[in-house]
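Observations on the three-dimensional arrangement
The chain contents come next:
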Amino acid sequence: MEVFKRAILQAGPPESFALQTVQEVIKPQKQMKLAQDENQLLENILRTLLQELASSAVQSGEQIMQYGQPIDDGETTWGHIPRLLDIVLYLCEREHVEGGMIFQLLEDLTEMSTMRNCKDIFGYIESKQDILGKQELFARGKLVMLRTCNQLLRRLSKANDVVFCGRILMFLAHFFPLSERSAVNIKGVFNTSNETKYEKDPPDGISIDFNFYMTFWSLQEYFCNPASLSPAPAKWQKFSSSLMTVLNTFESQPLSDEEGDANNLEEEATAFSIKYLTSSKLMGLELKDPSFRRHILVQCLILFDYLRAPGKNEKDLPSENMKEEIKSCEERVKKLLEITPPRGIDFLHKIDHILEREKNWVWWKRDGCPPFEKQPLEKKTVQDGAKKRRPRWRMGNKELSQLWKWADQNPNALTNPQRVRTPSIMEYWKPLAEDMDQSAGIEAEYHHKNSRVYCWKGLRFSARQDLDGFSRFTDHGIEGVVPLELLPPDVRSKYQAKPNDKSKRAKKEETKGAPPQVEENQIATPASEVDGEGIRADLEASAVQMDTDATATGNISQGGSPTPDEHQKQSSDTDIGQEAGQLEADAEVETGMIDGETDAEVDLEAVG
């Protein structure tokens with residue numbers, strides 16, 4: 001023990017001497033970690049030393065946490081007891097000693113201290129919250145810490161030590177996880193011991209409506225235990241009639257904005273009690289206090305919310321008549337909160353938001369308080385060569401399977417007139433046209449052109465309603481199918497076809513449709529201009545009869561200087577000239593037939 005007393009007086013961090021001090025006192029078998037019996041021996045020594053230091057502090061008249069603190073200018077040092085706790089906390093954190101030892105010392109220290117000293121001790125606990133909350137220490141000492149805090153709450157006055165009680169509750173809320181069942185009222189038990197006492201007999205010499213006074217404060221009996229209203233219709237009728245009387249009084253005596261500003265507790269640094277003042281002499285003043293009215297009206301909303309809470313048994317659910325009365329009363333209560341100054345509407349919105357979030361906690365408790373923390377999913381490594389199995393759909397793909405599922409759930413889906421409505425081209429392609437605008441800044445992931453179903457449907461619509469736009473798909477892709485009227489000017493010019501392109505495309509189509517000819521002759525007749533197979537047969541017959549005549553009269557028909565074609569005919573062999581003359585005759589005959597001439601007229605032109 002003397003070794004620890006000397007260690008307390010040493011300067012410097014605990015890690016520089018704490019382990020050496022324990023080894024000097026205990027002489028453990030292992031150099032770094034104590035055995036179970038060695039931990040028990042060390043704990044007894046430390047608890048005895050802590051008791052001696054606390055006793056010496058009380059005898060000297062100093063506060064426990066400041067005992068032994070030297071008075072130095074410009075330096076802040078701890079007393080003997082905080083120094084001892086720091087040493088033990090370091091040993092527990094590094095697992096040199098048993099992890100629950102620090103919690104046991106803190107519990108002993110609070111039990112032997114007054115409430116004034118307990119505030120300083122709890123301040124030390126709050127400063128070490130992060131270290132005490134580590135998993136290796138929390139698992140060993142959470143029950144001891146919970147017992148310590150509960151003992152402090154029992155010793156404190158709920159009326160006079162409100163701030164200290166709040167500090168303890170906030171510490172427990174941060175120290176324990178949300179899923180800790182010890183902090184949850186699983187069964188929903190109400191604190192029926194919180195009784196509001198009020199006068200039963202009318203006082204002398206005070207002119208007040210004592211019946212209203214009794215009716216008003218009798219509501220607290222039902223607010224204290226809302227569960228008693230559901231199975232007892234007689235109690236609900238009595239509560240409902242009393243509540244109607246109170247609400248009628250509030251409505252008949254509305255508060256003005258001046259009264260609300262005069263009694264606004266938010267702007268005044270005033271303290272208020274957590275219990276109601278039930279003296280009959282204060283009844284008139286309390287009715288003029290907006291804060292007091294809000295307390296009563298919020299209690300009504302909490303009770304209504306409990307009666308309609310989800311997940312109850314059928315026997316605990318309110319009846320239909322009771323539900324209608326609850327709805328009617330709730331509307332009146334909310335209306336009164338709106339007109340209660342100051343900022344009644346904002347106050348009501350906040351209360352509605354709180355009650356809505358409360359439903360989530362109710363469901364969580366009804367489900368057995370599952371933990372909020374989700375463990376990270378383990379990524380499964382795909383084996384080499386193993387292929388990812390594609391999902392199998394009942395109808396072949398996801399869309400058809402989903403459509404079939406909807407039809408099963410909704411038999412009227414197939415007969416719905418809105419289902420068979422086909423949108424117009426302008427209406428359907430409008431989303432894609434908006435995505436094509438550069439100023440819109442649509443990311444590629446959300447661009448409509450990357451939706452295979454959307455593009456497939458659009459191509460089907462365009463094939464039926466807009467063949468011109470459908471033909472642009474080959475050159476420009478899906479964005480070229482969008483009607484040009486929907487595109488911005490800067491984008492429209494990209495997809496508009498130029499006149500030269502149109503003429504080239506027409507010539508290309510004519511070349512594709514022409515029949516194969518002799519390489520020396522470049523004259524071609526489009527196959528699309530021939531009306532029928534019968535006409536072509538007549539032309540071929542007339543061309544065979546006119547082979548000799550077309551060759552002899554080729555120069556006479558021109559009536560002038562020879563053309564380049566005639567130079568070519570003269571320079572070629574006789575057989576080639578005959579073939580060229582035959583082709584020219586065929587072309588002239590076909591031209592005459594297309595223009596509407598008869599076979600006789602073609603013969604006259606050839607002879608002349």
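Residues numbered from 1 in each chain as written. Predicted model: local features only at pLDDT ≥ 70, side-chain atom pairs only at ≥ 80, totals over all residues. Heavy atoms only, no water.

Let us now look at the side chain of Thr-278. Along the chain, Thr-278 turns up in the loop between α12 (257–262) and α13 (283–287). Of the residues examined, Thr-278 reaches a relative accessible area of 14% and is grouped as buried. At a separation of 2.7 Å, a polar atom in the side chain of Thr-278 contacts the main-chain carbonyl oxygen of Lys-197. Dropping the residues within four chain positions of it, Thr-278 is found in contact with Thr-196, Lys-197, Tyr-198, Tyr-213 and Trp-217. (Helix = DSSP H or I, 4+ residues; strand = E, 2+ residues; numbered from the N terminus. Buried < 20%, exposed > 50% of the residue type's maximum accessible area, 1.4 Å probe, protein only. Polar contact = N/O pair within 3.5 Å; in protein donor to acceptor, adjacent residues only side chain to side chain. Contact = heavy atoms within 4.5 Å.)

This part covers a nonpolar patch on the surface. Taken together, the side chains of Met-395, Leu-400, Leu-403 and Trp-404 define a hydrophobic patch exposed on the protein surface, amounting to about 360 Å² of accessible area. With respect to the helices and strands, the residue Leu-400 is situated in helix α17 (residues 398–409). (Patch = residues over 30% accessible without salt bridge, like charges linked within 9 Å, V, L, I, M, F, W, Y side chains within 5 Å. Areas by Shrake-Rupley, 256 points an atom, 1.4 Å probe, with all protein chains shown as cover. Salt bridge = Lys/Arg side-chain N within 4 Å of Asp/Glu carboxyl O.)

Here we take up the packing of helix α6 (residues 115–127) against helix α8 (residues 135–155). Contact geometry of α6 with α8 gives a least axis separation of 12 Å together with a crossing angle of 145°. Classified by chirality, the crossing of α8 by α6 is left-handed. Note on element contacts: α8 touches α6 through Met-145, Cys-149, Leu-152 and Arg-155, opposite Met-115, Cys-118, Phe-122 and Ile-125. Counted by class, the contact of α6 with α8 contains seven nonpolar, no polar and one charged residues. (Axes fitted to C-alpha atoms, helices over the stretch in contact; angles between N-to-C directions. Left-handed = near helix turned anticlockwise from the far one by under 90°. Nonpolar A, V, L, I, M, F, W, Y, C, P; charged D, E, K, R; others polar.)

This paragraph deals with the packing of aromatic side chains. Inspection of the entire model under this criterion finds 24 aromatic pairs. For the ring pair Phe-171 and Phe-175, a centre distance of 5.3 Å and an interplane angle of 15° mean the geometry is stacked. Here Phe-171 pairs with Phe-175, and both are found in helix α9 (residues 162–175), just four residues apart, close to one helical turn. Across the pair, exposure class does not vary: Phe-171 and Phe-175 are buried alike. Taken together, Phe-122, Phe-138, Phe-164, Phe-171, Phe-175 and Phe-176 form an aromatic cluster joined through their ring pairs. It is Lys-200 that lies over the ring of Tyr-198; its NZ or CZ is 3.9 Å from the centre. Geometry around Phe-347 places Arg-294 over its ring, the cationic atom sitting 4.3 Å from the centre. (Phe/Tyr/Trp six-rings, centres within 6.5 Å; stacked < 30°, edge-to-face > 60°. Lys NZ or Arg CZ within 6 Å of the ring centre and 35° of its normal.)

Moving on: α8. Taking 1.5 Å per residue as the helical rise, α8 with its 21 residues ought to reach 30 Å, and the 29 Å between its terminal C-alpha atoms agrees with that figure. At Gly-141, α8 shows its largest bend, some 60°. If you check which residues of α8 are buried, you get Leu-137, Phe-138, Gly-141, Val-144, Met-145, Leu-146, Thr-148, Cys-149, Leu-152 and Leu-153. On its buried side, α8 packs onto α4 (80–93), α5 (101–111), α6, α7 (129–132) and α9. (Expected span 1.5 Å × (residues − 1). Bend = angle between axes of the 7 residues up to and from the residue.)

Moving on, we come to the pattern of salt bridges. If you walk through the whole model with that rule in mind, you get 18 salt bridges. For Lys-5, the salt bridge identified is with Glu-52, shortest N-O distance 3.5 Å. Taken together, the residues span a long stretch of sequence, with Lys-5 in helix α1 (residues 2–9) and Glu-52 in helix α3 (residues 36–60) at a distance of 47 residues. Put simply, Glu-330 and Arg-308 hold a salt bridge, and the shortest N to O gap is 2.8 Å.

Before going further, it helps to examine the confidence of the model for the protein chain. In the predicted model, the protein chain carries a mean pLDDT of 77, and 73% of its residues have values of at least 70. Of the regions scoring below 50 in pLDDT, residues 266–271 engages in three contacts with residues more than four places distant in sequence or in other chains. Between residues 514–608, whose pLDDT stays under 50, and residues either more than four places distant or in other chains, the model counts 39 contacts. (pLDDT = per-residue confidence, 0-100.)

Where α4 meets α5, the axes come as close as 9 Å, and the angle between the chain directions of the two elements is 155°. By the angle class used here, α4 and α5 are roughly antiparallel. Seen from α4, the contacting residues are Ile-81, Leu-85, Val-88, Leu-89 and Cys-92; seen from α5, they are Met-101, Ile-102, Leu-105, Leu-106 and Leu-109. In the contact of α4 with α5, the residues fall into 10 nonpolar, no polar and no charged. (Parallel < 35°, antiparallel > 145°, perpendicular 65-115°, else oblique.)

Once that is clear, we can look at the environment of Leu-106. With respect to the helices, strands and loops of the structure, Leu-106 is situated in helix α5. Since its relative accessible area comes to 2%, Leu-106 is described here as buried. Separated by 59 residues in the primary sequence, Leu-106 and Arg-47 place their C-alpha atoms 9.9 Å from one another. If near-sequence neighbours (up to four positions away) are discounted, Leu-106 is found in contact with Leu-85, Tyr-124, Ile-125, Leu-132 and Met-145.

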